[in-house]
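The lines below spell out each chain.
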Amino acid sequence: MNPRLQRWAERRLPALTRYRRPEGLPLELHRRRIYIVPTGFGAAFAVLLTVMLVGALNYANNAALLLTCLLGATSAASMLVAFRTLDGLRLASVRADHVVAGEAVQVQFEFETTRLRQALRLDLGPASTAFAIAAGRTSVGLPLQTAKRGWMPLPRVRVWSSWPLGMFRAWSWLHPQQAVLVWPRAEATGPTPPHHDADQQRHRLHQGDDLAALRDYRLGDPPRHIAWRASARHEHLLVKDFEQPEAQHEWRLDWYQLAGLDDEARIARLARWLDEADRRGEAYSLRLPQQQVPMGSGAQQYAQCMSLLATLP
Amino acid sequence: MNLLARSARARAASPALTRDAFDLMCLSAAIVLVAHVPHLSPWLSGGLALMLAWRWWQRRQRSGGAPAWLKLPILALLVLAVTASNANPLGQQAGASFAIGLLVMKLLESETTRDARVAMGFACFTLMTALLFDQGLLATVFIALGLLPTLATLRALEPAQLRTSLPRTLLPALSLLAAALPLALFAFVLVPRLNGPLWGTPSSHASVTGLSDSMSPSEFGELLLDDSPALRVAFDDAPPPNNQRYFRAYVLWDYDGRRWSSPDPGDEAAAPVEVAATTSYRVSLEPSRQRALPALDLPIEAPAHAQLLADHQLLADRPVNDPLEYRVRSALRYHLQPSLSADARQRALRLPGGFNPRTQALATQWRQRYGSDDGAIAQAALSLFHDGGFRYTLAPAELGREAMDDFLFTTHEGFCEQYASAFTVLMRAAGIPSRVVTGYQGGYWNTLGNYLLVRQSDAHAWSEIWLAGRGWVRIDPTAAVRPERISLGAYAAAEDQQTWYRSDWLESMRNHWDIVNRWWNEGVIGFDTMSQRGLLTPFGIHDLDGTALGALLVVGSALFAALGLAWAMARRDKIDPALAWMRVLEHKLDRHGVTRRPGEGPQHYLSRAARALPARRDALKALSESYLECRYAHAEPSPESVRAFRRLVRDFKVRGVVK
């Protein structure tokens, strides 16, 4: 259906379109929220059954009439089976990984049931997947396209099935009250973070002090760093490693140092620096208008900083 | 154009067929083909089977439809084949052949789910058309079971299901059919039948073995080997003894030297008959494609939609194409036409000229010897058969042009047809009016069902001669040769024809099976408007019209729908009893504003409730402890702790408490 028309209809005719406001989890499907309509094939089959009925009656052929009645009753029974495929299904939880704005996030829907259900389908926007679920819990993942940073409420998802004969389609809308946190997108290129004076100081102070570490020569090492005496005893050239103290240096990322940029540009730049720091294993701290993240490193630090950036107004 | 483009798009969007689904599809089509084989020409069914097998093999190798250039020639070939193999290219048989051909062709191009659905819908229709040719019990059951692979295919088209073996895919379809059966039967009984056909009823030309209005040696011989049921007779009183069970079907007057035939029936109605003993009975006749209604010798009243001719043949108004039931009254002892009209007398004496000189001579010789005593001449003929070295066999030697001469003086062997024929020719040659009557004789008394089963193999031919003062008298010359034929039946009489498989237990199985068939024919196939009207007679409603039937159907279907919904909505999820009582407690607290939040633990919830309702703090504390005891003290909640918790929940009251 035309999405604009659907949106309008849902706003104006909530009862007709079975619109549901977001609800808390767990969500259990029951008879008041499962709807059934015949599919195109089901309608065509009904026409066929009518033709068969008229034919059997016309020829006064009771065996054919019996067969037609049997087929008709079977199709009707398949409607009940379609209903039972959804009835009692529980959406237990919804989880999503972190994602950067503009990319698709895999949303995991965890369903719970007490018996086997087959040929269930889940639609989330344009994405759709089919799954079977045995007694217990089953997780179903669907990609969700994100656009901008911040909390993105989950759109409603449709769970449906045309099991077992494809003649009836039972469906239900699920609108879990959940949101996905979308991290800001880092800018593509830009300057490196400014180094603090204290850092520079310490850097210079430490250089040349720590000669304990020796490592293999790498192309581009200055010749004055080569440990000639030690190299003489080895097959390769050895270099005195003065890099060690530099790895210890700390990045102090500060919102207020990025004066002259608008908010989104600041956020994009900070995101890029956070990415880079995390990739290089640096320790960093982050200062934002309202919050402050103390010095630290690792996945948790990164996630905390990104989440703060994501939720900035 | 737009429509074409749209359908092309829909096809492109439709998911491709899995191999399992396609295999099931091929199986469905094969079963449809098998159901139609009996009335398809052998080479057409063979060709279609080959095409189906090729398609199955081809898609196994690699997926992809048959090339487009192949479809048109195949379609042309199909049209040609159907037209060539059917006398009437617009008839039912041609239609069925064409339909099954189209089904197989649809399989050739089936690559997507959508194609498969179309093909399976069409398969259902084609299966039904097979019932237009044979609505016997076996055929119907076979065709109903033929729906299984079709339904299984439709199931297999759905995505994301557990893979199972072939028999296991058919099983759910079977249970679905079984669940649908009560509603189907209900609808079958109540669907209002049409009073007359909307369009032309079938003029089925399918050949059925059975008696016909002419008699020649080869046809009759075939008939005596056919074991299929011809009619079933239920008598109101005790059945007549075996030697009186002559069922009259045709009276044959005209002889051309080889075959006996019946002239066009005149409009002359039967004259009243002097009768002594009568019996009433009900006959269920299998479709014969003929108009004659066999009746016990001698029928004296015609049933509805039939007439009684002057020679006491019963003739229905139209050919019997479906199983038919009728009631007749017959006279066992009678005087038929004590006075014979000159016209009838002349017909009953006519013989073709230039045939059978020796027979003629023998008859003349008898006439000279016995004078005007017709009875004595008949007796002489019977004695000839009895003592003249005649033998009863179902496989007699071929007779030449002078058939009766050959039979009487050379071969001396034959079955009822030859004896009746020879006897009648002898009588006519001797100047005694006579004619051949064909019908059935004997039958098997089914004690279980209390009815007489007459098979095609019970077909018989005998003679009637007209004697002054007595009218037409039945003479069975076969009885003179082989009395067992009359008391035991054709098979028993022809000892040389006995085969090993005709054992007793097989015979009894066949009799049981025949009861089932009779029930099917009378109860299901014969269920018509009349039966429908009388449905509610036990409840005092004698005439159920179409409107009432429709109303009943709607009300009953609604009841079935309610039953089905009750089944579908029944929650069979086992819920933990402690949890169930917790829900009750939640409900009680909810009415007083303490709603359990999603994901809130029981302990936290109840302590929050205790803060909100301080007056009930102790009770809530006890509840909390009791619940925790139920849930977490043991792996399975012990019955005592559940009972204790239940008591606490029941006794818990918030009413009268000021917040």
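What comes next concerns the included structure.

Thresholds, definitions, all that
- Residues numbered from 1 in each chain as written.
- Chains lettered and ligands numbered in written order.
- Predicted model: local features only at pLDDT ≥ 70, side-chain atom pairs only at ≥ 80, totals over all residues.
- Heavy atoms only, no water.
- Contact = heavy atoms within 4.5 Å.
- Salt bridge = Lys/Arg side-chain N within 4 Å of Asp/Glu carboxyl O.
- Polar contact = N/O pair within 3.5 Å; in protein donor to acceptor, adjacent residues only side chain to side chain.
- Helix = DSSP H or I, 4+ residues; strand = E, 2+ residues; numbered from the N terminus.
- Nonpolar A, V, L, I, M, F, W, Y, C, P; charged D, E, K, R; others polar.
- Axes fitted to C-alpha atoms, helices over the stretch in contact; angles between N-to-C directions.
- Parallel < 35°, antiparallel > 145°, perpendicular 65-115°, else oblique.
- Pairing = 2+ DSSP bridges.
- Buried < 20%, exposed > 50% of the residue type's maximum accessible area, 1.4 Å probe, protein only.
- Patch = residues over 30% accessible without salt bridge, like charges linked within 9 Å, V, L, I, M, F, W, Y side chains within 5 Å.
- Areas by Shrake-Rupley, 256 points an atom, 1.4 Å probe, with all protein chains shown as cover.
- Lys, Arg positive; Asp, Glu negative; His and termini not counted.
- Charge placed at Lys NZ, Arg CZ, Asp CG, Glu CD.
- Core = buried A, V, L, I, M, F, W, Y, C linked by side-chain atoms within 4.5 Å.
- 1 Å grid on protein atoms, 1.4 Å probe; cavity = no way out; pocket = protein on both sides within 12 Å on 5 of 7 lines; lining within 4 Å.
- Points joined across faces, edges and corners; volume = space filled by probe spheres on them.
- Expected span 1.5 Å × (residues − 1).

1. What about the interface of chain B and chain A?
Residue-level contacts link 56 residues of chain B with 51 residues of chain A. The tally of links from chain B across to chain A stands at one salt bridge. The partner of A:R121 in a salt bridge is B:E158, and the shortest N-O contact between them spans 3.3 Å. For the interface between chain B and chain A, the tally reads eleven residue pairs in polar contact (both at pLDDT 80 or more). Elements with a minimum of two residues in the side of chain B that touches chain A: helix 6 (113-130), helix 7 (137-156), helix 8 (166-190), helix 18 (504-525) and helix 20 (546-569) of chain B. Examining the composition of the side of chain B that touches chain A, we find that nine residues originate from one element, helix 8 of chain B, more than from any other. Looking at the side of chain B that touches chain A residue by residue, the class counts come to 40 nonpolar, nine polar and seven charged.

2. Some remarks on the packing of helix 3 (residues 62-86) of chain A against helix 18 of chain B
Direction vectors running N to C along helix 3 of chain A and helix 18 of chain B enclose 70°, while the axes themselves pass 10 Å from each other. Relative to helix 18 of chain B, helix 3 of chain A is oriented roughly perpendicular. Residues A:N62, A:A63 and A:L66 of helix 3 of chain A form the contact with helix 18 of chain B, whose own contacting residues are B:W520, B:V524 and B:I525.

3. Overview of the sheet that holds strand 15 (residues 451-455) of chain B
All names here are of chain B. Spatial ordering of the open sheet is given by 10-6-2-15-14, a layout of five strands whose pairing is antiparallel. Here the strands that pair on one side only, and so sit at the sheet edges, are strand 10 (324-335) and strand 14 (444-446). Taking each pair of neighbouring strands and ignoring which way they run, the sheet shows an average axis angle of 35°. Here four bridges tie strand 2 (residues 229-235) to strand 15, and the two strands are oriented antiparallel to one another. In the strand pairing of strand 15, V233 is matched with L452. Sitting on the sheet, helix 18 is in contact with strand 2, strand 6 (274-285), strand 10, strand 14 and strand 15, with an inclination near 100° to strand 15.

4. Regarding the pairing of strand 5 (residues 104-113) of chain A
All names here are of chain A. Most of strand 5 is tucked away: seven of the ten residues are buried. In the sheet, strand 3 (residues 90-96) pairs with strand 5 via six bridges, with the strands oriented antiparallel. Following the sheet pairing, A96 is matched in strand 5 by V107. Where strand 5 and strand 8 (residues 136-145) come together, ten bridges link them in antiparallel fashion. By the bridge assignment, F109 is partnered in strand 8 with V140.

5. Focus on a positive patch on the surface
Residues A:R4, A:R7, A:R11 and A:R12 make up a contiguous surface patch of positive charge. Tracing the backbone shows A:R7 in helix 1 (residues 3-12).

6. Describing the nonpolar core
What tends to happen in soluble globular proteins is that the nonpolar side chains get buried as a cluster. Counting 81 residues, the largest nonpolar core has A:F45, B:M25 and B:L147 as its most contacted members. With ten residues, the single largest contributor to this core is helix 3 of chain A. Those residues in contact with B:L147, other than ones at most four positions away along the chain, are A:L67, A:L70, A:L71, B:C124, B:L127 and B:L177. B:L252, B:F390, B:A459 and B:I475 belong to the second largest nonpolar core, which has 71 residues in total.

7. Section: the sheet that holds strand 11 (residues 168-174) of chain A
Residue and element names in this part refer to chain A. If you walk across this open sheet you meet the five strands as 2-11-10-6-7, and the pairing is antiparallel. Where the open sheet ends on each side, the last strands, each with one partner, are strand 2 (35-38) and strand 7 (127-133). Going across the sheet, the axis of each strand differs from the next one's by a mean of 25°, ignoring polarity. Here strand 10 (residues 157-161) pairs with strand 11 via five bridges, running antiparallel. Among the inter-strand pairings, V157 is bridged to a residue of strand 11, identified as L174.

8. Quick look at the layout of surface pockets
Approximately 1,300 Å³ is the volume attributed to the second largest pocket. Forming the boundary of the second largest pocket are 46 residues, of which A:A73, A:A76, A:A77, A:M79 and A:L80 lie nearest the centre. Those elements that provide at least two residues to the lining of the second largest pocket are helix 2 (40-58), helix 3 and strand 6 (117-124) of chain A together with helix 8 and helix 20 of chain B. A per-class count over the lining of the second largest pocket returns 33 nonpolar, eight polar and five charged.

9. A look at helix 11 (residues 357-370) of chain B
Residues and elements named next belong to chain B. The terminal C-alpha atoms of helix 11, which comprises 14 residues, lie 20 Å apart, in line with the 20 Å expected from a rise of 1.5 Å per residue. Lining the buried residues of helix 11 we find helix 12 (374-387), helix 13 (403-411) and helix 14 (416-429). After helix 11 finishes, the residue G371 shows a positive phi value of roughly 65°.

10. Notes on the pattern of salt bridges
Residue and element names in this part refer to chain B. Applying the stated criterion across every chain, the model contains 36 salt bridges over all chains. One salt bridge in this structure joins R59 and E111, with 3.2 Å as the shortest N-O distance. Taken as a pair, R59 in helix 3 (residues 42-61) and E111 in the loop between helix 5 (92-109) and helix 6 lie far apart in primary sequence, 52 residues in all. Summarising the burial analysis for this pair, R59 and E111 share the class buried.

Function cannot be read off these values alone, since they describe shape.
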